Each structure stands twice: as structure tokens, then as C-alpha cells.
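Summary of the model geometry
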Amino acid sequence: MRRLALTAALLLAALGVQAQAQFQPAQSELSFTSRQMGVPVDGRFKRFDAQLNLDPKKPEAGKVAFTIDLASVSLPAPELDAELAKPSWFDSKKLPQAQFQSTAIKATGPGKFEVSGKLSLKGQTRDISVPVALSQAGGLSTATGGFVLKRLEFKIGDGEWADTSMVANDVQVKFKLVFKGLAAL
């Protein structure tokens, strides 16, 4: 069986087909910082998944997909988690996931990439571009980056919460995604 898998991998490589890297969720992180009345509030998501097909030497042929379980949000207080599940925020009972699908990946320097794609969140889809740094050590590849999400573009915190003096429109999102099996940089 092992010989068959190795033969298949070699055949795919010879044909120029990229193998999908294996996502390592236990070593990965997805966090965000918002501001409520000027005070930073840090949160994170406990459950998310990422798929990566990438040859770092030919990034333009790569693909990235990302899914977030919105009900897995975690803030400093449980009542805040419950608030975010409500319809004016994530509406996670009706719309349980956020998704990102890449449309283009381009190299911007050694180990640096710009990933563009569509982010779908709370029934809204927007184009975003995210700078990503890729490092490798011990057989693992780590993609790190961040971007500013404009929450009102996704109707997050709408209604009475649309007042940006209470909750800022800008939310800083940061990620660290770890993969096994990615080709060398």
C-alpha cells in the first residue's frame, strides 16, 4: 500500500500536479482585536480549517481555501461570546461559517506572497488581499499574516452597534497556519 501511495505521489509530481499540504490545526491560530470604546478586545476562533495547494516556486498556480466555525469564537468573557452569536453580530445559528477562497497568489519577495480572494461572512462577499509570510522548519511550513477587516462591510455589529464610537469599524485579524508536506521554498 505504501508503495502505491509513493508511486501515485511521484506520478503526480511528474505531471506537475501539486499535492495538498496537510493542515495542522493544533499548531495554528486565528485571532482578532477589535476596539470597544477605544479599549482593545482580543478574541480568537477555536475551530477553523485550511486547505493549501502550493508550489512556492510557482505560486500563481496555487490555491488556498479557509473555513471558520463562527460559533467557536472565544472572547475574554462568556457573555461576549453569547453576544457575538446574535443576529446583529455573526448570526452564527443562521450563518455558521465564514469562508475564504483564493483567486490569485503572487510572490512579492523571498518567502512573501500576496493572496487575493473572496471572503464570505454573514451573507456578504468581498474581495480582499492579504500579505502572507511563509517560513519552513522541521518539516513544517508556517504561513503568517494579518489584515484589517471592516466589520460594517459584512454587517457585523449592525443596527444599534453600527455606531463606530462604541465599537470601531476596523478589526485587526491575525493568523498563523501550519502545514506539513509543502514543497521547499
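Read on for a plain summary of the structure. (Residues numbered from 1 in each chain as written. Predicted model: local features only at pLDDT ≥ 70, side-chain atom pairs only at ≥ 80, totals over all residues. Heavy atoms only, no water.)

**Some remarks on the pairing of strand E3 (residues 39-45)**
For the record, the criterion: Whether two strands pair comes down to DSSP finding at least two bridges between them. Helix numbering and strand numbering both begin at the N terminus, where a helix is a DSSP run of H or I of at least 4 residues and a strand a DSSP run of E of at least 2.
Sheet analysis places strand E2 (residues 29-36) next to E3, joined by 6 bridges and oriented antiparallel. Considered in E3, the bridge of Thr33 is made with Asp42. Following E2, the chain reverses through 2 residues before pairing antiparallel with E3; Met37 in that reversal takes a positive phi of roughly 50 degrees. Relative to strand E6 (residues 73-74), E3 runs antiparallel, the two being bridged by 2 bridges.

**Side note on the pattern of salt bridges**
Test applied: The salt bridge definition used is simple: a Lys or Arg side-chain nitrogen within 4 Å of an Asp or Glu carboxyl oxygen.
Counting across every chain of the model gives 6 salt bridges. Between Glu29 and Lys176 there is a salt bridge whose closest N-O contact spans 3.9 Å. Of this pair, Glu29 sits in strand E2 while Lys176 sits in strand E11 (residues 170-180), placing them 147 residues apart in sequence.

**Concerning the environment of Ala133**
Heads up, the rule is: Whether two residues are in contact is decided by their heavy atoms, any of which lying within 4.5 Å being enough.
Tracing the sequence through the fold places Ala133 in strand E9 (residues 124-137). Put simply, Ala133 and Pro110 are 23 residues apart on the chain and 8.8 Å apart in space, counted from C-alpha to C-alpha. When neighbours within four sequence positions are excluded, Ala133 is seen to be in contact with Gly111, Lys112, Thr142, Ala143 and Thr144.

**Focus on the environment of Ala61**
Heads up, the condition is: The buried label goes to any residue with under 20% of its type's maximum accessible area, the exposed label to any with over 50%, and the partly exposed label to all in between, with areas taken from a 1.4 Å probe on protein chains only.
Looking at the secondary structure, you find Ala61 in the loop between strand E4 (48-53) and strand E5 (63-69). Ala61 gets classed as partly exposed once you look at its relative accessible area, which sits at 45%. Considered as a pair, Ala61 and Ala104 are 43 residues apart in the sequence and their alpha carbons are 8.1 Å apart.

**Let's talk about the packing of aromatic side chains**
Worth spelling out the cut-off: Working definition: rings of Phe, Tyr and Trp (its six-membered ring) pair if their centres are within 6.5 Å, and the pair is stacked with planes under 30 degrees apart, edge-to-face with planes over 60 apart, and tilted otherwise. Geometrically, a lysine NZ or arginine CZ counts as sitting over a ring once it is within 6 Å of the ring centre and also within 35 degrees of the ring normal.
Under the counting rule described, the total for this entry stands at 6 aromatic pairs. Geometrically, the ring pair formed by Phe23 and Phe48 is tilted, given 6.0 Å between the ring centres and 55 degrees between the ring planes. Taken together, the positions of Phe23 in strand E1 (residues 20-23) and Phe48 in strand E4 put the pair 25 residues apart, joining distant regions of the chain. Residue classification places Phe23 among the buried residues on the basis of a relative accessible area of 13%. Phe48 gets classed as buried once you look at its relative accessible area, which sits at 13%. An aromatic cluster of three or more residues is present, and its members are Phe23, Phe48, Phe66 and Phe179. Over the ring of Phe154 we find Arg126, and its NZ or CZ is 6.0 Å from the ring centre.

**Some details on the nonpolar core**
Heads up, the rule is: Take the buried Ala, Val, Leu, Ile, Met, Phe, Trp, Tyr and Cys residues and link them wherever side-chain atoms come within 4.5 Å; each set so joined is a nonpolar core.
Ranked by internal contacts, the top residues of the largest apolar core, which has 42 residues, are Leu30, Phe45, Phe48, Phe66, Ile68, Leu149 and Leu177. Ranked by the residues each element gives to this core, the list is headed by E11, at 5 residues. In this structure Leu149 touches Leu119, Leu121, Phe154, Ile156, Asn169, Asp170, Val171 and Val173, once residues within four positions along its chain are discounted.

**Concerning the side chain of Ser74**
Among the secondary structure elements, Ser74 is positioned in strand E6. Residues within four places of Ser74 in sequence aside, it is in contact with Asp42, Gly43, Arg44, Lys46 and Asp81.

Everything listed here is a matter of geometry and, on its own, says nothing about what the molecule does.
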